[in-house]
Amino acid sequence: VILMEGTALALDQRRYDLYFDVVGESFSPAAVGDRVTVANTTDEGQSALQIDTASTSFFFQEAGAALSSLVDADGNDWIGYQQG
């Protein structure tokens with residue numbers, strides 16, 4: 001598991017040390033919480049899946065197989081959905 005925390009610019013470099021376990025020895029795996037959650041909901045009047053990340057919520061309408069909303073951390077919806 002490699003979790004890259006923080007923000008890196010386009011030309012930034014990150015360096016990591018990689019260690020291997022010894023055969024026959026035990027270790028405890030890293031505790032990693034959920035990074036993405038999915039729940040059933042309604043969006044724009046239709047049944048949808050709400051897919052949440054740390055910074056964004058996506059709303060996917062199953063019947064239309066399309067994103068109906070993409071809401072950022074500031075509450076801005078980046079998809080202009082209109083039911084026709």
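Criteria and thresholds
- Residues numbered from 1 in each chain as written.
- Predicted model: local features only at pLDDT ≥ 70, side-chain atom pairs only at ≥ 80, totals over all residues.
- Heavy atoms only, no water.
- Helix = DSSP H or I, 4+ residues; strand = E, 2+ residues; numbered from the N terminus.
- Rg over C-alpha atoms; globule rule 2.2 N^0.38 Å.
- Buried < 20%, exposed > 50% of the residue type's maximum accessible area, 1.4 Å probe, protein only.
- Contact = heavy atoms within 4.5 Å.
- Areas by Shrake-Rupley, 256 points an atom, 1.4 Å probe, with all protein chains shown as cover.
- Pairing = 2+ DSSP bridges.
- Polar contact = N/O pair within 3.5 Å; in protein donor to acceptor, adjacent residues only side chain to side chain.
- Axes fitted to C-alpha atoms, helices over the stretch in contact; angles between N-to-C directions.

Trainee: Give me the overall build of the protein: which residues, what numbers.
Mentor: Scanning the protein from terminus to terminus reveals zero helices and four strands. Going from N to C terminus, the protein has its helices and strands arranged as β-β-β-β. Relative to the globule expectation of 12 Å for 84 residues, the C-alpha radius of gyration of the protein, 19 Å, shows a markedly less compact shape. Expressed as lengths along the three principal axes of its C-alpha atoms, the size of the protein is roughly 60 × 35 × 20 Å. Across the 84 residues of the protein, 11% fall into the buried class. Within the protein, contacts between residues separated by at least 24 positions form 13% of all contacts whose residues are at least 6 apart in sequence. In the structure as shown, the protein presents an accessible area of about 7,200 Å², 53% of it carried by carbon and sulfur atoms.

Trainee: How would you sum up the pairing of strand β4 (residues 66-72)? Please name residues and give values.
Mentor: One ladder, built from six bridges, connects strand β3 (residues 56-61) with β4; its direction is antiparallel. Bridge assignment links Q61 to a residue of β4, and that residue is A66.

Trainee: Tell me about the side chain of S69, and please be specific about residues and values.
Mentor: Within the secondary structure layout, S69 lies in strand β4. For S69, the side chain forms a polar contact with the side chain of D43, separated by 2.8 Å. For S69, the contacting residues outside a window of four places in its chain are D43, E44, S57, F58, F59, D77 and I79.

Trainee: Please provide a residue-by-residue account of the environment of Q13, values included.
Mentor: With respect to the helices and strands, Q13 occurs in the segment before β1 (37-43). By relative accessible area, Q13 is classed as exposed at 63%. Between the alpha carbons of Q13 and T56 there is a distance of 26 Å; along the sequence they are 43 residues apart.

Trainee: Go over the sheet that holds β1, please, and point to the residues and values.
Mentor: Across the sheet, which stays open at both edges, the four strands sit in the order β1-β2-β3-β4 with antiparallel pairing between neighbours. Every other strand in the sheet has two partners, leaving β1 and β4 as the edge strands with one partner each. Within the sheet, the average angular offset between the axes of one strand and its neighbour, ignoring direction, is 25 degrees.

Trainee: So, the side chain of S57: which residues are in play, and what are the values?
Mentor: For S57, the position within the fold is in strand β3. S57 gets classed as buried once you look at its relative accessible area, which sits at 17%. With sequence-adjacent residues up to four places away left out, S57 is seen in contact with Q50, I51, D52, S69, L70 and V71.

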